[in-house]
Amino acid sequence: MSPVDLRRSLFPDNTPESSLATSYVHVHELLGKAICDRRLRENAVITVDDLEVATGTSRSVVRESARVLGSLGLLQAKKRVGLRILPESEWNVFDPQVIRWRLESSDRARQIRELLDVRLAIEPDAARLASETGSAELAGQIISVAGALWTCGIEGNADEFSRNDALFHRLILHASGNSMFLRLSGVIRESLHERNMNILSESHASMEDVGLHLDLAHHVQRRQGDDAATVAREIIRRTQADEAR
């Protein structure tokens, strides 16, 4: 791939020269987004030299970006060959950065669907466990955050709503006592952020949805495991229905 073709893949909107990458973060983002959007096709090979020219940045910045993307399974560095773009089957699809890049890609709908599938598989069981084995202290925190979520929904504070929503769901995972569930909190946070920023940019949160969070919190506090699982499932099902419209 020539530096010109590479630059077109990295800057699909004809970004002017003054906006070329100047930092590791920028190059890292450019490459990650281009790979996840399939603008850089799997098994394509690019070189560090070509990336330097295409992004207008230094070799050290390009190498560090490639190293991090390699750790995410997006590309592979091979001596005397270059940087090979890896297929999706190698990507760390649970990494929050990869999730964000996929959400910003032309494959956004599939990423949202997969995120909801993961939530549906995990969160109802986490809610049941939180009810049955979670500590009273964590149950109290869940109640408190659910109350804050209600207030943010009424006031229409999108940023605070999103923050409390992510915290609420993380606390449910934490209260489950399952450390593997808790490790998925970043995945669920990205899913919630995407939904909240899209919905709350147009209107206030559905107070019916917020009410379900309050119901879930109370079921956890009262040790009502089956009821907690049912409500957790309903929260996700409503999200799926919204996305299908």
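Because the structure is a prediction, the values reported are computed rather than measured.

Enquirer: Would you mind going over the overall build of the protein chain with me for this structure?
Expert: When helices and strands are tallied, the protein chain shows twelve helices and three strands. Burial analysis of the protein chain (245 residues in total) assigns 46% to the buried set.

Enquirer: What's the story with the pairing of strand β2 (residues 75–78) in this structure? I'm lost.
Expert: A regular strand places its side chains so that they alternate between the two faces of the sheet. One ladder, built from four bridges, connects β2 with strand β3 (residues 82–85); its direction is antiparallel. By the bridge assignment for β3, Lys-78 is matched with Gly-82.

Enquirer: Sorry, what's going on with the sheet that holds β3 here?
Expert: The strands making up a sheet associate through backbone hydrogen bonding, with each pair oriented either parallel or antiparallel. Read across the sheet, three strands follow the order β1-β3-β2 without closing on themselves; strand pairing throughout is antiparallel. If you trace the sheet from one side to the other, it starts and ends with β1 (45–46) and β2, each paired once.

Enquirer: What is the right way to look at the packing of helix α11 (residues 207–221) against helix α12 (residues 225–244) in this model?
Expert: When two helices pack together, you describe them by how their axes are tilted relative to each other and by the distance separating the axes. Relative orientation of the contacting elements α11 and α12 amounts to 160°, with a least axis distance of 8 Å. Taken together, the axis directions place α11 and α12 in an arrangement best described as roughly antiparallel. For the pair α11 and α12, the crossing hand works out as left-handed. Judged by residue contacts, Glu-208, Asp-209, Leu-212, His-213, Asp-215, Leu-216, His-219 and Val-220 of α11 engage Asp-227, Ala-228, Val-231, Ala-232, Glu-234, Ile-235, Arg-238 and Asp-242 from α12.

Enquirer: I keep staring at unusual backbone geometry and nothing clicks. Help me out?
Expert: Although it is not a glycine, Asn-43 sits at a positive phi angle of roughly 75°. You can see Asn-43 is positioned in the loop between α2 (24–36) and β1. Residue Asn-43 is classed as partly exposed on the basis of its relative accessible area of 44%. Backbone geometry places Arg-80, a non-glycine residue, at a positive phi of 65°. Among the secondary structure elements, Arg-80 is positioned in the loop between β2 and β3.

Enquirer: Before we go on, may I ask you to explain the confidence of the model for the protein chain in this structure?
Expert: Chain-level pLDDT for the protein chain is 88 on average; 89% of the residues reach the 70-or-more range. When mean pLDDT is compared element by element in the protein chain, helix α9 (residues 179–182) scores highest at 96, while helix α1 (residues 3–10) scores lowest at 74. Scored below 50 in pLDDT, residues 16–21 makes 17 contacts in the model with residues more than four places away or belonging to other chains.

Enquirer: What's the story with the nonpolar core in this structure? I'm lost.
Expert: Grouped together as the largest cluster of nonpolar side chains are 34 residues, with contacts concentrated most on Ala-127, Ile-142, Phe-168, Ile-172, Leu-173, Leu-216 and Val-220. For this core, the elements supplying multiple residues, two or more each, are α5 (96–103), α6 (108–133), α7 (136–155), α8 (158–175), α10 (185–200), α11 and α12. Take this core: its biggest share by element is eight residues, from α6. Excluding its chain neighbours within four sequence positions, the residues that come into contact with Ile-172 are Ala-126, Ala-127, Ala-130, Ile-142, Leu-216 and Val-220. Counting residues in each nonpolar core, the second largest holds 27 residues, with Leu-10, Leu-31, Ile-35 and Val-62 among its members.

Enquirer: Got a minute to help me understand α8 in this structure?
Expert: Along an α-helix, a turn takes 3.6 residues, which lines up residues three or four apart on a common side. Its 18 residues place the ends of α8 26 Å apart at the C-alpha level, agreeing with the 26 Å of an ideal helix rising 1.5 Å per residue. Along α8, the residues that are buried comprise Ala-158, Phe-161, Ser-162, Asn-164, Asp-165, Phe-168, His-169, Leu-171, Ile-172, Leu-173 and Ala-175. Near the N-terminus of α8, the side chain that reaches the backbone nitrogen of Asp-159, with its oxygen 3.4 Å away, is that of Asn-157. Gly-177 sits one or two positions beyond α8 and adopts a positive phi of about 80°.

Enquirer: Can you walk me through the packing of α7 against α8 in this structure?
Expert: Look at α7 against α8: their axes get within 9 Å of each other, and the N-to-C directions meet at 160°. Taken together, the axes of α7 and α8 are roughly antiparallel relative to one another. At the point where α7 passes α8, the crossing takes the left-handed sense. For the pair α7 and α8, contact is made by Leu-138, Gln-141, Ile-142, Val-145, Ala-146, Ala-148, Leu-149, Cys-152 and Gly-153 and by Glu-160, Phe-161, Asn-164, Asp-165, Leu-167, Phe-168, Leu-171, Ile-172, His-174 and Ala-175, respectively.

Parameters and conventions
- Residues numbered from 1 in each chain as written.
- Predicted model: local features only at pLDDT ≥ 70, side-chain atom pairs only at ≥ 80, totals over all residues.
- Heavy atoms only, no water.
- Helix = DSSP H or I, 4+ residues; strand = E, 2+ residues; numbered from the N terminus.
- Buried < 20%, exposed > 50% of the residue type's maximum accessible area, 1.4 Å probe, protein only.
- Pairing = 2+ DSSP bridges.
- Axes fitted to C-alpha atoms, helices over the stretch in contact; angles between N-to-C directions.
- Parallel < 35°, antiparallel > 145°, perpendicular 65-115°, else oblique.
- Left-handed = near helix turned anticlockwise from the far one by under 90°.
- Contact = heavy atoms within 4.5 Å.
- pLDDT = per-residue confidence, 0-100.
- Core = buried A, V, L, I, M, F, W, Y, C linked by side-chain atoms within 4.5 Å.
- Expected span 1.5 Å × (residues − 1).
- Polar contact = N/O pair within 3.5 Å; in protein donor to acceptor, adjacent residues only side chain to side chain.

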